[in-house]
Number of protein chains: 2
Amino acid sequence: MTNICSTSRITGCQFTLFPMSSDFVDIILSTLEEVDTSKVWKETDDVTTCIRGKSIHIFDVTKAIFLHAAKTGEHVAMSGTFSIGCPGDSSGDVYMEESDKLMNESNSNSLKQQAGCKFSLYPLGREDYMDKIYEQIDLSKNTGVQVSHSHYATRLDGDVNDIFSALQQSFDNVREVVSHVTMTFTISANSPSNKG
Amino acid sequence: MTNICSTSRITGCQFTLFPMSSDFVDIILSTLEEVDTSKVWKETDDVTTCIRGKSIHIFDVTKAIFLHAAKTGEHVAMSGTFSIGCPGDSSGDVYMEESDKLMNESNSNSLKQQAGCKFSLYPLGREDYMDKIYEQIDLSKNTGVQVSHSHYATRLDGDVNDIFSALQQSFDNVREVVSHVTMTFTISANSPSNKG
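Residues numbered from 1 in each chain as written. Chains lettered and ligands numbered in written order. Predicted model: local features only at pLDDT ≥ 70, side-chain atom pairs only at ≥ 80, totals over all residues. Heavy atoms only, no water.

Enquirer: Give a detailed account of the interface of chain A and chain B, specifying residues and quantitative values.
Expert: The partner chain B presents 59 residues to the 59 residues of chain A that form the contact. Between chain A and chain B, a total of about 4600 Å² is buried, with carbon and sulfur atoms accounting for 65% of that surface. Broken down residue by residue, the surface that chain A buries against chain B is led by A:Asp46, A:His151 and A:Tyr152, which jointly contribute 17%. Applying the counting rule to chain A against chain B returns six salt bridges. Put simply, A:Lys118 and B:Asp45 hold a salt bridge, and the shortest N to O gap is 2.8 Å. Counting every contact that joins chain A to chain B gives 18 residue pairs in polar contact (both at pLDDT 80 or more). Taken together, the elements giving at least two residues each to the side of chain A that touches chain B come down to strand S1 (11-19), helix H1 (24-34), strand S3 (49-53), strand S4 (76-84), strand S5 (114-124), helix H4 (129-139), strand S7 (153-159) and strand S8 (180-189) of chain A. (Contact = heavy atoms within 4.5 Å. Buried area = accessible area lost by both parts, 1.4 Å probe. Salt bridge = Lys/Arg side-chain N within 4 Å of Asp/Glu carboxyl O. Polar contact = N/O pair within 3.5 Å; in protein donor to acceptor, adjacent residues only side chain to side chain. Helix = DSSP H or I, 4+ residues; strand = E, 2+ residues; numbered from the N terminus.)

Printed below as a string of structure tokens:
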């Protein structure tokens, strides 16, 4: 509750990887072995994993974790919330000194995987928050993924690398003009029900 | 994008049920058969399920779905976002005329299930949003569940009925004073890693 006025620009993501498979333990453990998380702070418990650091590394790591789990061919999903500028966010920022070199980019680029994703942007502390949301809904039309709208969320369909690129672009554009932003997402691959 | 000034008080929840089991299709289908969703609008695709209606029925249905899936004994989780007062939320409010009688309460009360849950409240369009969040963090200490704090979220541990009661209480109290509120949650039961 202290340090309300922290000016930290730590980005965080609290997420859970969900392999819909009885091998879920192996899939989660092997994914974590393959993904380089050395440039982010990380804490996992039985409900979520939280990573924190520079925005570029947060997106690099979350994308890589989803891609490595999805390449098993099992139906996997990931839900989480990206966050930046939380006024209570004041510790664990040692990872802000890391270089900008992405640790998982080349591996991720080599993985082709279709997915569906729903996301919602929440710019906080601003009375004009809906304008910021609508600007992003328009902007994400330019990213090569298929964009559609549903209640409470924008849906992106396409390659996982393109989907995360659109998520990152939307998040970055809003955080440039709004101090505290959160963005929820659920991404799903290899679902048997998207064949119908 | 129209009807920005709608005064609707429709509550919605966009969620996904994640059975970490190769029987995930059967678990999802049998759960949906057992839960009475007649008092909410419902739409499901391969990424999420969205339900909308009166707040009491939204919580009744989400809790029942999680409980019925968890009673299989499999590791199951559910992630989602409750929402009320979205300025774009203007259609599908026919379910607001339903009576307040809960359709799943007696079944849910008969199911005892421990779980862990992380949730975050996002009051939108208010510069004093952090005060509203902190008030709820304090309030949820009174509900019989174990409350702890982590980055970006408040954790609740206890019986699923008590956890959803705390979620509903927090959501209801904030929506009384803030027009547009969202609340994200991830709840997990039967995880092999919470034994350690």
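Enquirer: Can you tell me about the relation of the copies chain A and chain B, naming the residues and giving the values?
Expert: It takes a turn of 180° to lay chain A on chain B, together with a shift of 0.0 Å along the axis; the resulting RMSD is 0.0 Å. Such a combination of turn and shift is consistent with a two-fold rotation axis. Interface overlap between copies: 100% of the residues of chain A at the interface are likewise at the interface in chain B, consistent with a symmetric, same-surface contact. (Least-squares fit on C-alpha atoms with pLDDT ≥ 70 in both.)

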